[in-house]
Amino acid sequence: MRKILIPTDFSKPAFNAIKYALELFKYDKSEVYFINAFEEDIYKDKELLKSDSLSNVLEMMRQKSSEKLSALIEEVKYIWPNPRHTYHQVASQHGLIDGIDILVDTVNIDIIVMGTKGVTDKKSTLFGSNTIQVLRYVASPVLAIPANYDYTQPKKIVFATNYLIPYKRRELKLLCEMAAPYRAEVDMIYVSKSKQLSVRQEVNRQFIEDTLSKNETKFVHVLHKSVVEGINDYCSQHKADMLVMVNSRHSFLEDILYASTIDAVALDMQIPFLAMQNMRRD
């Protein structure tokens, strides 16, 4: 049973992420959790802040959120009827990160799927501020869907890695199971100036090869001075349908997420992006 968490602010990008997730996992028996975190809405409404009773405000906002979530689930059932999927709604009074974090731990979420832009669309930000925060602080794989991306079955998945960290079998299994129904080819690409791999890199590479043995997998060494340009060029030339990276300490993805000017070093996000988290989880 796969457990999928989809945050929503009821925007078009959020609905696009829902569409992608339900299509991608349509063959899987899944528990799908829709979460709407409404704390920020309270603080944006000056009239609500003037209220004498915070508990009344919270209850009113919870009711409003719940009604929207119920309507969303009814729409989902109508558009994508699927007996393999069971839906749950969570109206959270917490901030988005805290609300997601609590749910990830409580029900042991396998993957978070979310749009890269929300209601507060900022074109100067690569992923959108909410997605950035989830990528930074939530210990779960995150699949980010570009706002205007039309769903297409993943046939070519590019996994960019430097082989410097040991990978989790659980998350590699998730990738394996995502690719299998579509017979997607997984290209493991290592972008560097040198062809030489250390002993540690060879060990980690072999672990990936063994774990993904049931999938069609290629191991490619891309000689390039710039990791960013090397990944972008490879994805473009090979018509990638999804890009995968691992977020861990001292990783390339961490450098992007914590850069002071993200757009100066960021990847050109035109395709779904799966960030696997190299953090401790049971």
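As shown above, the structure is provided for reference.
Residues numbered from 1 in each chain as written. Predicted model: local features only at pLDDT ≥ 70, side-chain atom pairs only at ≥ 80, totals over all residues. Heavy atoms only, no water.

Some details on the overall build of the protein chain
And step 1. Scanning the protein chain from terminus to terminus reveals eleven helices and ten strands.
And step 2. Counting the 282 residues in the protein chain, one finds 51% classified as buried.
And step 3. In the protein chain, once contacts between residues fewer than 6 apart in sequence are set aside, the share between residues at least 24 apart is 82%. (Helix = DSSP H or I, 4+ residues; strand = E, 2+ residues; numbered from the N terminus. Buried < 20%, exposed > 50% of the residue type's maximum accessible area, 1.4 Å probe, protein only. Contact = heavy atoms within 4.5 Å.)

Observations concerning the pairing of strand β8 (residues 217–223)
Sheet faces and side chains relate simply in a regular strand, where the side chains alternate between the two faces.
And step 1. Across seven bridges, the pairing between strand β7 (residues 185–192) and β8 is parallel. Pairing of Tyr190 across the sheet is with His221, part of β8.
And step 2. Assessed by its sense of winding, the connection that carries the chain from β7 through helix α8 (residues 199–211) to β8 is right-handed. (Pairing = 2+ DSSP bridges. Right-handed = clockwise from strand over helix to strand, strands pointing away.)

So, the packing of helix α5 (residues 96–107) against helix α6 (residues 129–137)
And step 1. Contact geometry for α5 and α6: axes closest at 10 Å, N-to-C directions at 45°. Overall, the two elements α5 and α6 adopt an arrangement that is oblique. Regarding α5 and α6, the two cross each other, and that crossing is right-handed. Of α6, the residues touching α5 (which contributes Leu96, Ile97, Ile100 and Asp101) are Asn130, Gln133, Val134 and Tyr137.
And step 2. Looking at the contact of α5 with α6, its residues break down into five nonpolar, two polar and one charged. (Axes fitted to C-alpha atoms, helices over the stretch in contact; angles between N-to-C directions. Parallel < 35°, antiparallel > 145°, perpendicular 65-115°, else oblique. Left-handed = near helix turned anticlockwise from the far one by under 90°. Nonpolar A, V, L, I, M, F, W, Y, C, P; charged D, E, K, R; others polar.)

Comments concerning the packing of aromatic side chains
And step 1. Scanning the entire structure with this criterion turns up seven aromatic pairs.
And step 2. Judged by centre distance (5.1 Å) and plane angle (70°), the ring pair of Tyr20 and Tyr151 falls under edge-to-face. Remark: Tyr151 occurs in the loop between β5 (142–145) and β6 (156–160) and Tyr20 occurs in helix α1 (residues 12–24); sequence separation between them is 131 residues. No difference in accessibility class separates Tyr20 from Tyr151, as the two residues are buried.
And step 3. Residues Phe159 and Tyr167 carry aromatic rings whose centres are separated by 5.9 Å and whose planes lie at 85° to one another, so their mutual orientation is edge-to-face. Each member of the pair Phe159 and Tyr167 is classed as buried. (Phe/Tyr/Trp six-rings, centres within 6.5 Å; stacked < 30°, edge-to-face > 60°.)

Observations regarding the pattern of salt bridges
And step 1. Under the counting rule described, the total for this entry stands at nine salt bridges.
And step 2. A salt bridge links Arg2 to Asp28; the shortest N-O distance between them is 3.0 Å. Within this pair, whereas Arg2 is found in strand β1 (residues 2–7), its partner Asp28 is found in the loop between α1 and β2 (30–37), the two being separated by 26 residues in sequence. Residue Arg2 shares its accessibility class with Asp28, and that shared class is buried.
And step 3. When the shortest N-O distance is used, the salt bridge between Arg2 and Glu177 registers 2.9 Å. A residue pair is termed long-range when its members are at least 10 positions apart, and Arg2 in strand β1 and Glu177 in helix α7 (residues 169–179) qualify at 175 residues.
And step 4. The class for Arg2 is buried, based on a relative accessible area of 9%. (Salt bridge = Lys/Arg side-chain N within 4 Å of Asp/Glu carboxyl O.)

Some thoughts on the pairing of β2
And step 1. Of all eight residues that make up β2, eight are buried, and the element is covered over most of its length.
And step 2. Taking every second residue as pointing to the same face, both faces of β2 are buried, with Ser30, Val32, Phe34 and Asn36 on one and Glu31, Tyr33, Ile35 and Ala37 on the other.
And step 3. Across six bridges, β1 lies against β2 in parallel orientation. If you follow Lys3 over to β2, its bridge partner there is Glu31.

Remarks on the sheet that holds strand β4 (residues 111–115)
And step 1. Pairing within the open sheet is mixed, and its ten strands lie in the order β3-β2-β1-β4-β5-β10-β9-β6-β7-β8. With partners counted over all chains shown, the strands left at the sheet margins are β3 (85–92) and β8, one partner each. If you compare each strand with its neighbour and ignore which way they point, the axes differ by 25° on average.
And step 2. Pairing between β2 and β3: eight bridges, direction parallel.

Examining α8
And step 1. When the terminal C-alpha atoms of α8 are compared, their 19 Å separation across 13 residues agrees well with the 18 Å that a helix rising 1.5 Å per residue should span.
And step 2. Among all positions in α8, only Gln201, Asn204, Ile208 and Thr211 are buried. Along the axis of α8, the buried positions cluster into a sector of 95°, meaning they face one direction only. When the buried face of α8 is taken as reference, the exposed residues oriented beyond 90 degrees from it are Val199 and Val203.
And step 3. As for α8, its buried residues are in contact with α7, β7 and β8. (Expected span 1.5 Å × (residues − 1). Arc of directions from axis to C-beta.)

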